[in-house]
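# Report on the structure
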Amino acid sequence: MQDCIFCKIIKGEIPCAKVYEDENVFAFLDIAPVSKGHTLVIPKEHGENLLDISDKALADTAKAAKKIAKAIVKATKADGFNFSQNNGTAAGQGVMHFHFHIIPRFKEDRLKPWPHGKYEQGEDKDIAEKISSLL
Ligand code: 5GP
Ligand code: ZN
């Protein structure tokens, strides 16, 4: 993809702080980290989001991300980490090349967790059945 900034990073046309590279996967520090060591792990094959990329690209990227997460925790002495992935602008995706975020977390970092809601009576069953019927 010509205009994709992550494809340009893979090709070395845009500089980055590289963390990892193999035949199919590339990882580098996020330019605006949530916490220090925040890393993006991407497939070299361009695809916009989770529904767009091949199963192989997903598997390769997830496997590499697990290995990278272990190293991030060690390097940053993190107490934990968030492993997340945004799909679509409504979900906060800003760069349309599939990527996992690995975000080191610390006991007292005070980052806000997701807000939680609740279901009306029976609503959860209806939604679960609707999803289930489409699988
Ligand atoms: P998204 O919001 O799409 O899930 O995440 C995209 C991430 O890419 C953001 O956290 C943003 O800071 C990061 N990012 C955007 N442009 C660049 C860039 O040119 N270099 C690096 N290293 N990170 C970038
Ligand atoms: Zn791309």
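Our structure's up above, just so we're on the same page.
Residues numbered from 1 in each chain as written. Chains lettered and ligands numbered in written order. Predicted model: local features only at pLDDT ≥ 70, side-chain atom pairs only at ≥ 80, totals over all residues. Heavy atoms only, no water.

### As for unusual backbone geometry
- Positive phi values are uncommon outside glycine, yet K77 reaches one of about 55°.
- Looking at where K77 falls in the secondary structure, it is placed in the loop between α2 (55–76) and β4 (80–84).
- In the Ramachandran plot, R110 falls in the positive-phi region, its phi being about 60° despite a non-glycine side chain.
- If you trace the backbone, R110 turns up in the loop between β5 (100–105) and α3 (123–133). (Helix = DSSP H or I, 4+ residues; strand = E, 2+ residues; numbered from the N terminus.)

### Notes on a nonpolar patch on the surface
- Together, Y119, I127, I131 and L135 make up an exposed nonpolar region whose accessible area comes to about 480 Å².
- On the secondary structure map, L135 appears in the segment after α3.
- Residue L135 is classed as exposed on the basis of its relative accessible area of 88%. (Patch = residues over 30% accessible without salt bridge, like charges linked within 9 Å, V, L, I, M, F, W, Y side chains within 5 Å. Areas by Shrake-Rupley, 256 points an atom, 1.4 Å probe, with all protein chains shown as cover. Salt bridge = Lys/Arg side-chain N within 4 Å of Asp/Glu carboxyl O. Buried < 20%, exposed > 50% of the residue type's maximum accessible area, 1.4 Å probe, protein only.)

### Points about the packing of aromatic side chains
- As enumerated under the stated definition, the model contains 4 aromatic pairs in all.
- Each ring, one from F98 and one from F100, has its centre 5.0 Å from the other, and the planes form 80°; the classification is edge-to-face.
- The exposure class assigned to F98 is buried, which follows from its relative accessible area of 0%. (Phe/Tyr/Trp six-rings, centres within 6.5 Å; stacked < 30°, edge-to-face > 60°.)

### What to know about the layout of surface pockets
- Estimated volume of the largest pocket: approximately 340 Å³.
- At the level of secondary structure, the elements contributing two or more residues to the lining of the largest pocket comprise β4 and β5.
- Among the elements that make up the lining of the largest pocket, the one with the highest residue count is β5 (3 residues).
- Here the lining of the largest pocket is composed, by residue class, of 5 nonpolar, 5 polar and 2 charged.
- In this structure, the second largest pocket spans a volume of roughly 290 Å³.
- F6, I9, F28, I31 and L40 are the residues nearest the centre of the second largest pocket, which is lined by 19 residues in total.
- Take the lining of the second largest pocket: its biggest share by element is 3 residues, from helix α1 (residues 5–11). (1 Å grid on protein atoms, 1.4 Å probe; cavity = no way out; pocket = protein on both sides within 12 Å on 5 of 7 lines; lining within 4 Å. Points joined across faces, edges and corners; volume = space filled by probe spheres on them. Nonpolar A, V, L, I, M, F, W, Y, C, P; charged D, E, K, R; others polar.)

### Notes on the environment of V19
- With respect to the helices and strands, the residue V19 is situated in strand β1 (residues 18–21).
- Residue classification places V19 among the partly exposed positions, given a relative accessible area of 41%.
- Setting aside residues up to four positions removed in sequence, V19 forms contacts with A27, F28, L29, T39 and I68. (Contact = heavy atoms within 4.5 Å.)

### So, α2
- If you check α2, its first and last C-alpha atoms are 31 Å apart, about what 22 residues at 1.5 Å a residue would give, namely 32 Å.
- Inspection of α2 places A57, T61, A64, A65, I68, A69 and I72 among the buried residues, and these make up the whole buried set. For α2, the buried positions fall inside an angular range of 165° around the axis, keeping them on one side. Seen from the buried face of α2, the exposed residues on the opposite side, beyond 90 degrees, are D55, K56, K63, K66, K67, K70 and K74.
- Where the residues of α2 are buried, they touch β1, β2 (25–29), β3 (39–43), β4 and β5.
- Positive backbone phi, at 55°, marks K77, one or two positions downstream of α2. (Expected span 1.5 Å × (residues − 1). Arc of directions from axis to C-beta.)

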